[in-house]
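Descriptive structure summary
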Amino acid sequence: MILPNITQNYVNDDHQSNIIMEMIDTLAKSHIISQGVCEYLLDHISMRELPYLMMKARELTDQIYGKEIFFRGLIEITNVCSQGCYYCGLQSGNNLVNRYRMSETAILSTVEEGYQLGFRSFVWQGGEDAGLTDEWLCSLIRKFRADYPDCVVTLSIGERSRASYQALYDSGLDRCLLRHESASKSLYEKLHPQWMSFDHRMQCLQDLKDIGYWVGAGFLINPPFQKNADLVEDLMFIQRFQPHMCGIGPFIPHPDTKFRDEEAGYGNQTAVMLALVRLIVPEVLLPATTALATVDALGRSKGLNSGGNVVMPNLTAPDIRKLYEIYAQKKNWGDEAAENVKRAIRDIEELGYIPALTRGDHISYKEK
Ligand code: 5AD
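One structure accompanies this document, and this report is about it. (Residues numbered from 1 in each chain as written. Predicted model: local features only at pLDDT ≥ 70, side-chain atom pairs only at ≥ 80, totals over all residues. Heavy atoms only, no water.)

Digging into the packing of helix α2 (residues 14-30) against helix α3 (residues 35-44)
Relative placement of two packed helices is described by the angle separating their axes and the distance separating the axes. Close contact between α2 and α3 brings their axes to 11 Å; oriented N to C, the two are set at 135°. The orientation of α2 relative to α3 falls into the category oblique. Here α2 and α3 pass one another in a crossing that is left-handed. Residues Q16, I19, I20, M23 and I24 of α2 pack against V37, Y40, L41 and H44 of α3. (Axes fitted to C-alpha atoms, helices over the stretch in contact; angles between N-to-C directions. Helix = DSSP H or I, 4+ residues; strand = E, 2+ residues; numbered from the N terminus. Parallel < 35°, antiparallel > 145°, perpendicular 65-115°, else oblique. Left-handed = near helix turned anticlockwise from the far one by under 90°. Contact = heavy atoms within 4.5 Å.)

This is the structure in structure tokens:
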């Protein structure tokens with residue numbers, strides 16, 4: 001169990017609490033954390049300091065991005081996957097999954113539906129599907145750019161070669177997400193089969209950055225075997241790598257995986273990590289993830305109040321959406337796109353934020 005003081009309503013005594021608050025204050029000013037402070041914080045932070053940490057992270061977010069929450073329309077373009085991540089319901093060994101790959105027409109008509117609903121930013125996410133050739137993807141990206149010049153797309157389709165990322169970039173793509181999943185090599189290797197390489201994944205992230213992409217990394221909270229020391233490695237990696245975006249969500253067991261009986265991550269654990277990432281990389285785009293909303297009834301507010309400033313309502317057609325089961329009981333605002341967006345907007349407003357159906361650029365972003 002990671003960050004146990006956060007899940008058991010434990011509160012520190014005055015002395016301990018003051019030490020933690022001072023560490024939070026220093027981090028909120030310097031945006032630099034040492035490994036030692038990081039270890040101390042994760043091992044000692046309790047429910048008493050969590051609201052303060054969240055407030056500091058939100059304050060910083062407000063200074064940079066204001067109260068706007070960027071909307072990105074999620075389109076789950078394929079559930080075909082050649083990888084074997086033990087936690088994921090879509091892993092290649094799961095024969096119970098009905099596999100699909102959306103056609104170009106289906107993807108672009110889903111984009112059109114999202115466009116009509118006001119979206120200007122889309123995320124195309126999928127498994128690592130060898131059927132997505134460079135040629136096919138490049139042509140799709142070029143069509144998207146030509147038909148929707150006021151929109152942007154972020155691609156999240158796993159590890160590819162540097163040449164492939166370069167070809168996609170050259171066709172007009174400039175944003176990619178690839179969660180590193182865990183920056184601790186030993187933990188990464190416990191969560192993935194031997195044929196998956198930690199070093200290759202990290203190389204992909206570096207390649208994306210070197211090519212000039214706006215890059216998203218990210219990690220799981222409380223998957224099996226995770227210790228605070230592993231999360232320390234995640235934070236130190238995020239500090240070094242300085243991603244433009246960071247997807248952080250609790251692990252949620254999927255019934256058809258070997259981790260089916262393992263404990264899910266908690267909302268409060270996730271809130272701590274979101275807030276720390278915000279304080280370490282002030283300008284980062286930080287989604288209040290669907291996984292967080294799934295494990296915790298207050299997940300959306302915890303995500304936004306910890307410095308989250310992105311949400312990704314699902315635009316995928318309901319009949320195929322149910323085949324995209326990364327984890328169990330995925331939470332959604334609504335079954336179909338229009339309902340989804342309406343409820344998401346209302347939800348965000350009720351929490352005191354401003355829904356922004358815009359391109360949602362990183363503060364430093366300049367169009368190439
Ligand atoms: N629980 C939570 N998140 C998961 N992901 C995959 N499987 C699970 C799970 N069981 C996350 C991974 C991946 C992202 C698309 O979904 O971090 O990068």
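Side note on α3
Taken residue by residue, α3 has C38, L41 and L42 as its buried positions. Seen end-on, α3 carries its buried residues on one side only, within an arc spanning 90°. Tucked into the core, α3 has its buried residues touching α2, α10 (228-241) and α11 (267-280). (Buried < 20%, exposed > 50% of the residue type's maximum accessible area, 1.4 Å probe, protein only. Arc of directions from axis to C-beta.)

Here's the deal with the site of the ligand
Around the ligand, the structure places Y87, C88, Q125, R179, E181, L220, P250, F251, I252, I326 and Y327. The side chain of R179 places a nitrogen or oxygen atom 2.9 Å from an oxygen atom of the ligand. In the environment of the ligand, an oxygen atom lies 2.5 Å from a nitrogen or oxygen atom belonging to the side chain of E181. Relative to its free-state accessible area of 400 Å², the ligand is covered by the protein chains to the extent of 87%. Its residues assigned to classes, the shell around the ligand comprises eight nonpolar, one polar and two charged. (Near = heavy atom within 4 Å. Polar contact = N/O pair within 3.5 Å; in protein donor to acceptor, adjacent residues only side chain to side chain. Areas by Shrake-Rupley, 256 points an atom, 1.4 Å probe, with all protein chains shown as cover. Nonpolar A, V, L, I, M, F, W, Y, C, P; charged D, E, K, R; others polar.)

Details of the sheet that holds strand β1 (residues 68-71)
With parallel pairing, the three strands of this open sheet are ordered in space as β8-β1-β9. The sheet terminates laterally at β8 (310-311) and β9 (354-356), the two strands that pair on one side only. Looking at chain direction, β1 and β8 are connected through two bridges and run parallel. Paired with F70 across the bridge in β8 is V310. (Pairing = 2+ DSSP bridges.)

So, the packing of α3 against α10
Interhelical geometry of α3 versus α10 gives an angle of 135° and a closest axis separation of 9 Å. It follows that α3 is oblique to α10 by the angle criterion. Along this stretch, α3 crosses α10, giving a crossing that reads as right-handed. Together, Q35, C38, E39, L42 and D43 of α3 and N228, L231, V232, L235 and M236 of α10 make up the contact between the two elements.

Keep in mind that these numbers describe shape and distance, not what the molecule does.
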